[in-house]
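Tertiary structure, described
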Amino acid sequence: MISVIIPVMNERRTLQRVIREAGKVHPQSEIIVIANGCTDGSARLARRLGVHVYEYPEPLGHDVPRAVGARMAKGEVLLFIDGDMIVPAEDLRLFVRHILSGGDIALNSYSGPVHSRQTHPVVSAKHTLNMLLERPDLKGASLTAVPHALSRRAAEMLGADLLSNPPLALAQAVLKGIEVTPVHEVNAGRLNRSRRRAGQDDLLIPLLVGDHMEAIGLILENRGLRGGFSDLERIREKAR
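Our subject in this report is the structure included herewith. Keep in mind it's a predicted model, so treat the numbers as computed, not measured. (Residues numbered from 1 in each chain as written. Predicted model: local features only at pLDDT ≥ 70, side-chain atom pairs only at ≥ 80, totals over all residues. Heavy atoms only, no water.)

**Section: the pattern of salt bridges**
Applying the stated criterion across every chain, the model contains 10 salt bridges. As a salt-bridge pair, Asp-137 and Arg-135 come within 2.8 Å of each other at their nearest N and O atoms. We classify Arg-135 as buried; its relative accessible area is 18%. A salt bridge links Asp-231 to Arg-234, with the shortest nitrogen-to-oxygen separation between them at 2.8 Å. (Salt bridge = Lys/Arg side-chain N within 4 Å of Asp/Glu carboxyl O. Buried < 20%, exposed > 50% of the residue type's maximum accessible area, 1.4 Å probe, protein only.)

Here's what the structure looks like:
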């Protein structure tokens, strides 16, 4: 009934505890580990723990393992978590419960740090996208953040491949009228370990901002150049 999809890239240190919590979510579940360019024995460990493992020797790229996992999943509920974030089963069950009760997309309602002096560009991008989707109630909730869950129906309507670009998938879901609900807050910012070395630029920032730009492009394609927002009484031709 439940497919728990876990992308993993050298997360042997946390993986056993992540899988243990995933295994408590529902008695009828499968756990799918996508070993994404692992060199630390994560895939071996996952196999020893008796879960389904799909191993790729080269890194697939950010969020692509989610799409791969969705394609392999057999469950009616697809629950997405990460191999480096130990989220207790009682938190994960809330996302699953929402889908089992008829929901389509259950989001982590974590909005990111919004009270800091300088807002992170990805946090700004999430809030901006949700405003443009006319879903200000979502605040900074996004398919970018795990945990989140999709119904089989929603996954099929969007297509597994689209899940490799979470902001684009969220935009498509809203435009298609798929139910999207922020269900429960898990502080992904605190739990998600940084892979960046001191002095290095965060290469994920331009990638994730670019993903949000693609999603905004989809809105403009569907709703016109102003994204469906009114021009009010402005008479543009008078300026010509």
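And the narrative resumes.
**Considerations on empty space enclosed by the protein**
Counted by the stated rule, this structure contains one cavity of 30 Å³ or more. Taken as a whole, the largest cavity spans an internal volume of roughly 40 Å³. Along the lines of polarity and charge, the residues of the lining of the largest cavity split into five nonpolar, one polar and one charged. (1 Å grid on protein atoms, 1.4 Å probe; cavity = no way out; pocket = protein on both sides within 12 Å on 5 of 7 lines; lining within 4 Å. Points joined across faces, edges and corners; volume = space filled by probe spheres on them. Nonpolar A, V, L, I, M, F, W, Y, C, P; charged D, E, K, R; others polar.)

**Remarks on the pairing of strand β3 (residues 52–56)**
Examined bridge by bridge, strand β2 (residues 29–36) and β3 share five bridges and lie parallel to one another. In the strand pairing of β3, Val-33 is matched with Val-53. Read as a crossover between parallel neighbours, the route from β2 over helix α2 (residues 42–48) to β3 is right-handed. (Pairing = 2+ DSSP bridges. Helix = DSSP H or I, 4+ residues; strand = E, 2+ residues; numbered from the N terminus. Right-handed = clockwise from strand over helix to strand, strands pointing away.)

**What about helix α1 (residues 12–23)?**
Side chains that are three or four residues apart share a direction in an α-helix, a result of its 3.6 residues per turn. Over its 12 residues, α1 extends 17 Å from the first C-alpha to the last, a length consistent with the 16 Å expected when each residue adds 1.5 Å. Turning to α1, its buried residues number three or more, namely Thr-14, Leu-15, Val-18, Ile-19, Glu-21 and Ala-22. Projected onto a plane normal to the axis of α1, the buried residues spread over an arc of 160 degrees and lie on a single side. (Expected span 1.5 Å × (residues − 1). Arc of directions from axis to C-beta.)

**As for helix α7 (residues 166–175)**
Summarising burial for α7: eight of the 10 residues are buried, a large majority. Here α7 has its buried residues at Pro-166, Pro-167, Leu-168, Ala-169, Leu-170, Ala-171, Ala-173 and Val-174. Directly beyond the C-terminal end of α7, a positive phi value near 80 degrees is found at Gly-177.

**Overview of the nonpolar core**
With 67 residues, the main nonpolar core has Ile-6, Leu-79 and Ile-105 as its most contacted residues. If one sorts the elements of this core by residue count, α7 sits on top with six residues. Apart from residues no more than four positions distant in its own chain, Leu-79 is found in contact with Ser-3, Val-4, Ile-5, Val-25, Leu-92, Phe-95, Val-96, His-148 and Ala-149. (Core = buried A, V, L, I, M, F, W, Y, C linked by side-chain atoms within 4.5 Å. Contact = heavy atoms within 4.5 Å.)

**Quick notes on the side chain of Asp-104**
In this fold, Asp-104 is placed in the loop between α4 (89–100) and β5 (105–108). A polar contact is formed between the side chain of Asp-104 and the side chain of Ser-151, at a distance of 2.7 Å. Reaching out from Asp-104, the side chain makes a polar contact with the side chain of Arg-153 at a distance of 2.6 Å. Those residues in contact with Asp-104 that lie beyond four places of it in its chain are Ile-99, Ala-149, Leu-150, Ser-151, Arg-153, Ala-154, Ile-178 and Glu-179. (Polar contact = N/O pair within 3.5 Å; in protein donor to acceptor, adjacent residues only side chain to side chain.)

**Some thoughts on the environment of Val-146**
Counting through the fold element by element, Val-146 comes out in the loop between α5 (121–132) and β6 (148–151). Residue Val-146 is classed as buried on the basis of its relative accessible area of 3%. Measuring from C-alpha to C-alpha, the distance between Val-146 and Ala-188 comes to 6.9 Å, with 42 residues separating the pair along the chain. When neighbours within four sequence positions are excluded, Val-146 is seen to be in contact with Arg-66, Phe-80, Ile-81, Asp-82, Met-85, Asn-108 and Ala-188.

**Examining the environment of Pro-147**
As for its placement among the helices and strands, Pro-147 is situated in the loop between α5 and β6. Along the backbone, Pro-147 and Ala-125 are 22 residues apart, and their C-alpha atoms lie at a distance of 19 Å. Beyond its immediate chain neighbours, meaning those up to four positions away, Pro-147 contacts Phe-80, Ile-81, Val-87, Leu-92, Phe-95, Leu-107, Asn-108 and Val-186.

**Concerning the sheet that holds strand β4 (residues 77–80)**
Taken in spatial order, the seven strands of this open sheet run β3-β2-β1-β4-β6-β5-β7, and their pairing is mixed. Two strands in the sheet have a free side with no partner beyond their single neighbour: β3 and β7 (180–184). Averaged over all pairs of adjacent strands, the angle between strand axes in this sheet comes to 20 degrees, irrespective of strand direction. Two elements, β4 and β6, share four bridges in a ladder whose sense is antiparallel. Bridge pairing in β6 links Phe-80 to His-148. Its contacts with the sheet place α1 against β1 (2–8) and β2, and it is angled at close to 170 degrees to β1. Running at roughly 145 degrees to β2, helix α3 (residues 64–72) makes contact with β1, β2, β3, β4 and β6 of the sheet. (Axes fitted to C-alpha atoms, helices over the stretch in contact; angles between N-to-C directions.)

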